[in-house]
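# Observations on the three-dimensional arrangement
Below are the chains, spelled out letter by letter.
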Amino acid sequence: MTLSAAAAVESVRRSLARLSSSDHNHQFENSKRFCAFVPRLQLLIDQLLLPSPSPENLPASVQTSLRGIAVDLESAAETVLAYVSKSKVFVLINCKSLLASIQQRTAAIGGWLALLESAIHENPDLKKKIADLSRDMKQAEFIVTEDEERVHLSLQKEGEGRRASKAVQSAIVMELARALGMEAHKYTELSAQVKLLKNDLVRSNSITERRILISLEKILTNWSMEPNIQTGGMDLDFEEGAQISPFKNFLCPLTKEVMKDPVVLESSQTYEREAIKYWFERCIDDARDVTCPVTGQVLKSLELKPNIGLAGAIEEWVNRNIEIQVKSAVQCLSEEPLKLDEVERVLDSIYRIAEDYPSSRYRVRNAGLVLIIIKLLRNSSKSIGTHLRSKTLLALLGMAKDEESKKIMLEEGMTRLAIHSLTGSSEKEREHAIKLLREFSNDEAYCKKIALEKGALVLLTSLAGNLEHPTLSNLAVEVLARIETIEENIQYLAAAGRFEPLLSRLCEGSDEVRITMATMLGSMTMTSNSKLLVARQSAKILVPMLAKEEGKAPSLRALHNLSSVDDNASILVNSSMLPSLIYILFEDQDASLELKELAASTMANVVSNPGHWELACTDKKGHLLQSKPIITKLLGLLSSASSKCQASALRILYGMSLSPQASESVASYIMDGQGLEKIILFLDHAEDEQRLHACKLTRLLSERFHQDLASRLRSSDKIPLLKEKILDRKTIESERSDTACILANLPLAEEDVTTLLGASFLRWSVDTIKNHQQKSKGRTFKSQPSMVEGLLGLLLQFTRSTDPEILSVIRELSLMSVFCEQLNFPSKPRMKQLAALGLKNLSETGRVVAAGHLEPPPPQRLCSSLVFMCGCVPPEPSRCPIHNSLCEEHAHLCLLQCNCIKPLVDLLDDEDTDVQVAAVEALSTLILESSRSLKCAVEEFERQDAVDALINLFSEVRAGELQERTAWMIERIIRVESQSSRHSLNQNLVRALIEALRHGNANTKRHAQDALTNLKQISGVSGSSSSQIQLRR
């Protein structure tokens, strides 16, 4: 918006008034110089307006000039007021921008005055005054002094966030004080200026200005701290007059500390060499003149001349004070009881002496302080706490750089004490302990001692892998790297879990080195994770070593050690280990018995995990491990090899028999090679390992060749042995379990059940199962076959018996309830399957008994026509609605009366198909041929949700045994009129029946066809051919 002439004149007068009021407060030359133009400008404006009081009557060019002057004069006034009212530090920070502003505005006003002068014609005197002022303002030069510019540059660098040393900070304070016209030692005045700056920046959004403020506050805080120069920072009660105060010229102006290497500049000022070098580097980095911090003199030379005289005087003063401090330290640490506050100060003092004055370390050592500090750490470790322990370690760390002191520490067991501090509660204690160990590890002999200390490598390895504390981690890595250079330490490092040095030598070393490393691996105890790590990096190296005579034994031992971890099987197989093992085991005539046993054991470890070795070739002919030649050779070991080889051969055969890909061929080759007879011989072997693996292998074979196995066991008279093992509590539990499964899988004749096993064995089995349920309540079974699984299988043998005595014991023991409880108990699918099959067999026996085909001895309170009991004692005999027979209190052969239907229905949702089949078979025993019994059974199924469950199962299953048996059940259920009416419109059922009709086996198709007919979904049926079936649309 354009100003009116009147407004412009008013603005000019207002700005001139502001400038006039600040004329006496100038701190900087630039504002003073500009304000010198104010009276002349005021006079010109007054004379210009004298003839015509109304500015609107002035010529247009004059009005334009006044508007321009008003705008630029207002900006110039703001700049001048910043010089006057802001803090001096603020002006120094912004001196370049303020200079540019005032220079630009002054020249602009001079330009507007020139325009004004060209418009004045009637008043020559006024015209000349305007021209003179315009010329002077255009030619005016504003400057920033050298001191101001240097301070400005330093402050701007601080605004960039650069970290400055203490020496550089001190030099900045000196320069700032000089630019402000103050003395550097007057902290109060400097601090007041920084506080004014803080007020000036309250509304500032400049990050640079904020950083400068923070930096200045820190610098002044550090500058204000005066060290105790009398005692070197050691606040102890010396004897009166004992300490010697330093002269003022002993102190460096930059560090405020006693100088160690005083040097003189060309300005004749003395500084600590390192401190002044820091300042020189800062000046050079900032591309500015190098100056003397105290005088501000620009230096032409950077030469630093040693101040020899001053250095000698300082050295004499230092030595005297160190003697005093050492004497007092001995006195303090020898007192009883210890004054902990003084102890801390003493330890700090000793560390400073050791670090700052290396040539005086011998004084500390000769005074016996090293031994005293070690004794303090050893005897008072708990009482002094982690903070003082860290101080103690720090003091010893400083003294450890003295070789004689280091020897004393090692002789006094300092290594062990430092290792103990690695478990300290504070990070500082652990850090100082590691640094001390790092100092010790500079010597090869000491490296060995560190490695031999109990727990040292474990703690260091743990710290090296702890990324939460990177400082400790890096220090530990450094110490371990030094320890790793010693060959004797490699095994100790590996035992502590640090395998990198060993593996590096194994992969990159010479043959001799590789053999040494492999020997270590073969004898080393490792965790599973460690074995996995080692196998991944070493298998490709170890396997080729098996082909070399000198490397065969150590590499085989190492591979055997690694093979004990399941996850390593695939790694070792992929490294082509199996051909070498086969060669050593069967073909290498020079291999010792030990190597053959190791090869067999290693192979057994590998094949115990299916899925890795089945496709791996074992020789040049391409034979697989499960091929007939290899199986034959393994069976040969059972007859002629050592005891350990025999055990491993049985383990190998067992492992291969577990593999889904290889089990069938392996079992077949075992039978062809008369392996069954050889394996049976080990069932009563004296050695546990052979006997256990023979039992495991026989159990697997009994599932495939039960008839052949039964025949061979009978011929060798070993069936009684199996029973004895099961009953013998001294026999190993897994062996008893496997034996029970073997005996359960055998097709025992009626005579075997009654005479060999007998009623007593039946009672024992039921008691054992019940005891197991009580002990294992709420827990699932292990994956390996349990005793309960074997006993359930044996109970199935009894459920098929028609012997009256056995039937009587079955009723007495409530065997159906035992099976039913297994359905509700968390167990493996196989055990649920066996329980369901047991219920099926007992239900079938109950149906036969109900029909009167069997006449067992009548027990007490038994119905005359049915051998089962109800859930409670009725006042009068009642009839079973399904069997249409009288029942008693506990009908132990009826699924309905024993409440077994619901648990069987729940099994229809099981994930295992075999369990579902067994459940359907058990339920099917309730479907009788008579229409009345069928209707009662279906009604009971309906009440217990069995019908819907069967239909849902049938709708989801694929073609197979389960579909066939479920279709049979569905067809029988649909015969009941109420069910056919209810499900005639069930499209899911109809679709499932049609699918079974098209893709099922012959029996399934027949059942599906009959069911569809009952549902009135089929018309025009003639014959059994599905091609003659027409489906109703």
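Residues numbered from 1 in each chain as written. Predicted model: local features only at pLDDT ≥ 70, side-chain atom pairs only at ≥ 80, totals over all residues. Heavy atoms only, no water.

If you look the protein chain up in an unreviewed UniProt entry, it shows as RING-type E3 ubiquitin transferase from Rhodamnia argentea. We quote the UniProt Pathway (unreviewed entry) comment for the protein chain here in full: "Protein modification; protein ubiquitination." (UniProt positions renumbered as here; feature names shortened; annotations may be inferred.)

## Some thoughts on empty space enclosed by the protein
Tallied over the entire structure, the rule returns three cavities of 30 Å³ or more. Of the pockets and cavities examined, the largest cavity occupies roughly 50 Å³. Lining the largest cavity are Lys 166, Gln 169, Ser 170, Ile 219, Asn 222, Trp 223, Met 225 and Lys 256. Across the lining of the largest cavity, the residue classes break down as three nonpolar, three polar and two charged. (1 Å grid on protein atoms, 1.4 Å probe; cavity = no way out; pocket = protein on both sides within 12 Å on 5 of 7 lines; lining within 4 Å. Points joined across faces, edges and corners; volume = space filled by probe spheres on them. Nonpolar A, V, L, I, M, F, W, Y, C, P; charged D, E, K, R; others polar.)

## Looking at the sheet that holds strand E2 (residues 270-272)
Pairing in this open sheet of three strands is antiparallel, and the strands run E2-E1-E3 from one edge to the other. Edge strands, defined here as strands with exactly one partner in the open sheet, are E2 and strand E3 (305-306). Inspection of the sheet shows strand E1 (residues 262-264) paired to E2 by three bridges, in the antiparallel sense. Directly across from Pro 262, in E2, lies its bridge partner Glu 272. Against the sheet, helix H12 (residues 273-285) touches E1, E2 and E3, its axis set at about 95° to E2. (Pairing = 2+ DSSP bridges. Helix = DSSP H or I, 4+ residues; strand = E, 2+ residues; numbered from the N terminus. Contact = heavy atoms within 4.5 Å. Axes fitted to C-alpha atoms, helices over the stretch in contact; angles between N-to-C directions.)

## Section: the packing of helix H18 (residues 403-411) against helix H20 (residues 427-440)
Interaxial distance between H18 and H20 falls to 11 Å at its minimum, and their mutual angle equals 110°. The orientation of H18 relative to H20 falls into the category roughly perpendicular. Between H18 and H20 lies a crossing of left-handed hand. The residues of H20 that touch H18, namely those facing Lys 406, Met 409 and Leu 410, are Leu 436, Glu 439 and Phe 440. Considering only residue class, the contact of H18 with H20 consists of four nonpolar, no polar and two charged. (Parallel < 35°, antiparallel > 145°, perpendicular 65-115°, else oblique. Left-handed = near helix turned anticlockwise from the far one by under 90°.)

## Some points on the nonpolar core
Judged by nonpolar contacts, the single largest core of 178 residues is most densely connected at Met 656, Leu 904 and Phe 941. In terms of residue count, the dominant contributor to this core is helix H40 (residues 750-775) (nine residues). Look past the residues within four positions of Phe 941 in its chain and what remains in contact with it is Ile 901, Leu 923, Leu 926, Ile 927, Ala 946, Val 947, Met 969 and Ile 973. The next biggest cluster of nonpolar side chains, apart from the first, holds 149 residues, and it includes Ile 120, Leu 254, Leu 457 and Leu 493. (Core = buried A, V, L, I, M, F, W, Y, C linked by side-chain atoms within 4.5 Å. Buried < 20%, exposed > 50% of the residue type's maximum accessible area, 1.4 Å probe, protein only.)

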